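Notes for the structure review
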Amino acid sequence: MPSPRPELARDLGVTHAGAIVVGTIIGSGIFLVPAEMMQAVGSAKLVYLAWLIGGLLSFFGALTYAELGAMKPQAGGEYVYVRDGYGPLAGFLYAWTTFLISKPASIATITTGLVRILGTFPAFTFFSHTLVSKPLAVSYGQLVAIAATAFIALLNYLGVKKAGEFQFVLTLLKVAIIVGIVAVGFSYSAGSWSHFAGQYAAAKGGIAGFMAALVAALWAYDGWNDLNMVAGEIRSPERNIPIALIVGVATVGALYMLVNAAVQYVLPAGTIAASPRPASDAIGLVWGHFGAWVVSAGMALSMLVTLNGSSMSGARVPFAVARDRYFFSALAQVHPRFHTPYVAIFVQALLAILLLLLGGSFRQFFSLAIFAEWLFYMIAASTVFVFRFRNPHMPRPYRVWGYPIVPALFVAASAVLLFYTFTDNVRYSFLGCLIVLAGIPVFYGFYRNRRLSA
């Protein structure tokens, strides 16, 4: 009698789930985007309005995903919702896009950003130097980015509980650093509440400026959806997924508001707009070079935790579509000892490493990922309407508050963000569209093989 096929283990509790939400969302965004937002709108009040609206829209998205995740707590998250809502082709295109674009580009973005932050330390200035020039030019920084990708892949291979505990402990440390940054900022004797009424005259301004600030805020809030991808490994998912999403996004929103307030208290509007790293500069004024290094170290730690959450969640998507026999069967394998989708984890890491070896800037990787991500946020969130209409009596442990207005606002916001993302970087957004469409013949190839083997 053949031994049963190994399955994923439900080893993640509510604290792990909350750490995935908080730890994955808080990356480098909160430390970097205040400058972009001030350049876009030109006043502290409008910056806060963008933070508030971005936080509310992300919270609406989390509420929508809480219903979907509690109703369908399976590995793959959005893939499952799109597949069940719009059919296997739509689900495959989501998985195809996530596997080839969103997650590898996201991992490359995070590790490139991590190296960029570490490169600000005097001991690591050699990161920009070339290590080898043939057959590909590879710098020491690229090697560090590859090493970080491989380390996190190995951690996730050894078990979701180990990865979850790593996420929880480092997220606590990350939150402590952020609270410390806020406390230090407000302790600055030369700080002034008058900065909150300041203006930056050279701002873009108008509707276009506000939308640019909102896009920056939404990017900083991005990542809360990753929890749903590991729903198949969360204990009591009908309870823990909604709790982790709602409490996690609310916690991040509060932390973001506090950090922005501390930066505004220390620096006037014009200085914020001109600074590449406003949080670092603000703490540098209070504690000198040591303070700036503390913030940089916090940013590096923050990005490492985000990398872990993103890598953990991303591998579950190709695993889920392969289990449905619409993709390479090897990706559906579960390690008999560690109960992890180990092939999917390592292939995802290899794709990210390939992007890193080919080279590219932080902005290029980000542009490649962001359009594809928000396209499927919109599509996945819209399935809540499909399931309410088609399966009104399906058990729903959690029902999204404010239905249908709350999910409708999130879907509409996603559409607006898609428009501004596309027009801001037509080249990479168009490339993303082409890669999505290239998945159609691939799907029908697997679909044909699936029918022949049935």
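Scroll up for the structure.
Since we're looking at a predicted model, the values are computed, not measured.

Along its length, the chain carries 17 helices and two strands. Taken over C-alpha atoms, the radius of gyration comes to 22 Å for the chain, in line with the 22 Å a tight globule of 454 residues would show. Structurally, the chain occupies a C-alpha span of about 75 × 55 × 40 Å along its principal axes. Counting only contacts in the chain whose residues sit at least 6 apart along the sequence, the fraction spanning at least 24 positions is 82%. Counting every atom, the chain has about 18100 Å² of accessible surface; 69% of that belongs to carbon and sulfur.

One pass over the structure, following the stated rule, counts one cavity of 30 Å³ or more. Estimates place the volume of the largest cavity at around 440 Å³. When residues of the lining of the largest cavity are traced back to their parent elements, those giving at least two are helix H1 (14-25), helix H5 (88-118), helix H8 (206-221), helix H9 (226-229), helix H12 (278-314) and helix H15 (362-390). Partitioning the lining of the largest cavity into residue classes produces 14 nonpolar, 13 polar and five charged.

All right, on to the nonpolar core then. Met37, Trp51, Tyr79, Leu227, Tyr256 and Phe327 are the most contacted members of the largest nonpolar core, which has 149 residues in total. When near neighbours in sequence (up to four residues on either side) are disregarded, tryptophan 51 contacts Ile30, Val33, Met37, Ala217, Ala220, Tyr221, Tyr256, Met257 and Asn260.

The description of two aromatic rings rests on the distance between their centres and on the angle between their planes. With the rule as written, the count across this model stands at 35 aromatic pairs. On the numbers, 5.4 Å between centres and 90 degrees between planes, the contact of phenylalanine 99 with phenylalanine 327 is edge-to-face. Taken as a pair, phenylalanine 99 in helix H5 and phenylalanine 327 in the loop between helix H13 (316-323) and helix H14 (342-358) lie far apart in primary sequence, 228 residues in all. An identical accessibility class is assigned to phenylalanine 99 and phenylalanine 327; each is buried. Ring centres of phenylalanine 385 and tyrosine 403 lie 5.6 Å apart, and the angle between their planes is 40 degrees; this geometry places the pair in the tilted category.

Take the side chain of asparagine 156 next. Mapping asparagine 156 onto the fold places it in helix H6 (residues 140-157). Of the polar contacts made by the side chain of asparagine 156, one reaches the side chain of asparagine 308; its length is 3.1 Å. Those residues in contact with asparagine 156 that lie beyond four places of it in its chain are Ala163, Asn308, Ser311, Met312, Thr340 and Ile345.

Here the focus is the pattern of salt bridges. A full pass over the atoms with the stated rule returns eight salt bridges. Close ionic contact of lysine 72 with aspartate 84 constitutes a salt bridge, the shortest N to O distance being 3.0 Å. Of the two residues, lysine 72 sits in the loop between helix H3 (44-71) and helix H4 (78-86) while aspartate 84 sits in helix H4, which places them twelve residues apart along the sequence. The salt bridge partner of aspartate 324 is arginine 83, with a shortest N-O separation of 2.6 Å. Of this pair, aspartate 324 sits in the loop between H13 and H14 while arginine 83 sits in helix H4, and the two are 241 residues apart along the sequence. We note that aspartate 324, like arginine 83, is buried. The network of salt bridges with shared partners includes Lys72, Arg83, Asp84 and Asp324.

A few words on the side chain of threonine 383. Assignment of secondary structure puts threonine 383 in helix H15. The exposure class assigned to threonine 383 is buried, which follows from its relative accessible area of 0%. Within the structure, threonine 383 has its side chain in polar contact with the backbone oxygen of alanine 380 (distance 2.6 Å). Excluding residues within four positions of it along the chain, threonine 383 makes contact with Leu68, Tyr81, Val82, Gly85 and Tyr86.

On the surface, Phe124, Phe126, Leu131, Val132, Tyr140 and Leu143 cluster together to form a nonpolar patch covering roughly 460 Å² of accessible area. Residue assignment for the nonpolar patch shows that the elements contributing at least two residues are strand E1 (130-132) and H6.

What counts, and where the lines are drawn
Residues numbered from 1 in each chain as written. Predicted model: local features only at pLDDT ≥ 70, side-chain atom pairs only at ≥ 80, totals over all residues. Heavy atoms only, no water. Helix = DSSP H or I, 4+ residues; strand = E, 2+ residues; numbered from the N terminus. Rg over C-alpha atoms; globule rule 2.2 N^0.38 Å. Contact = heavy atoms within 4.5 Å. Areas by Shrake-Rupley, 256 points an atom, 1.4 Å probe, with all protein chains shown as cover. 1 Å grid on protein atoms, 1.4 Å probe; cavity = no way out; pocket = protein on both sides within 12 Å on 5 of 7 lines; lining within 4 Å. Points joined across faces, edges and corners; volume = space filled by probe spheres on them. Nonpolar A, V, L, I, M, F, W, Y, C, P; charged D, E, K, R; others polar. Core = buried A, V, L, I, M, F, W, Y, C linked by side-chain atoms within 4.5 Å. Buried < 20%, exposed > 50% of the residue type's maximum accessible area, 1.4 Å probe, protein only. Phe/Tyr/Trp six-rings, centres within 6.5 Å; stacked < 30°, edge-to-face > 60°. Polar contact = N/O pair within 3.5 Å; in protein donor to acceptor, adjacent residues only side chain to side chain. Salt bridge = Lys/Arg side-chain N within 4 Å of Asp/Glu carboxyl O. Patch = residues over 30% accessible without salt bridge, like charges linked within 9 Å, V, L, I, M, F, W, Y side chains within 5 Å.

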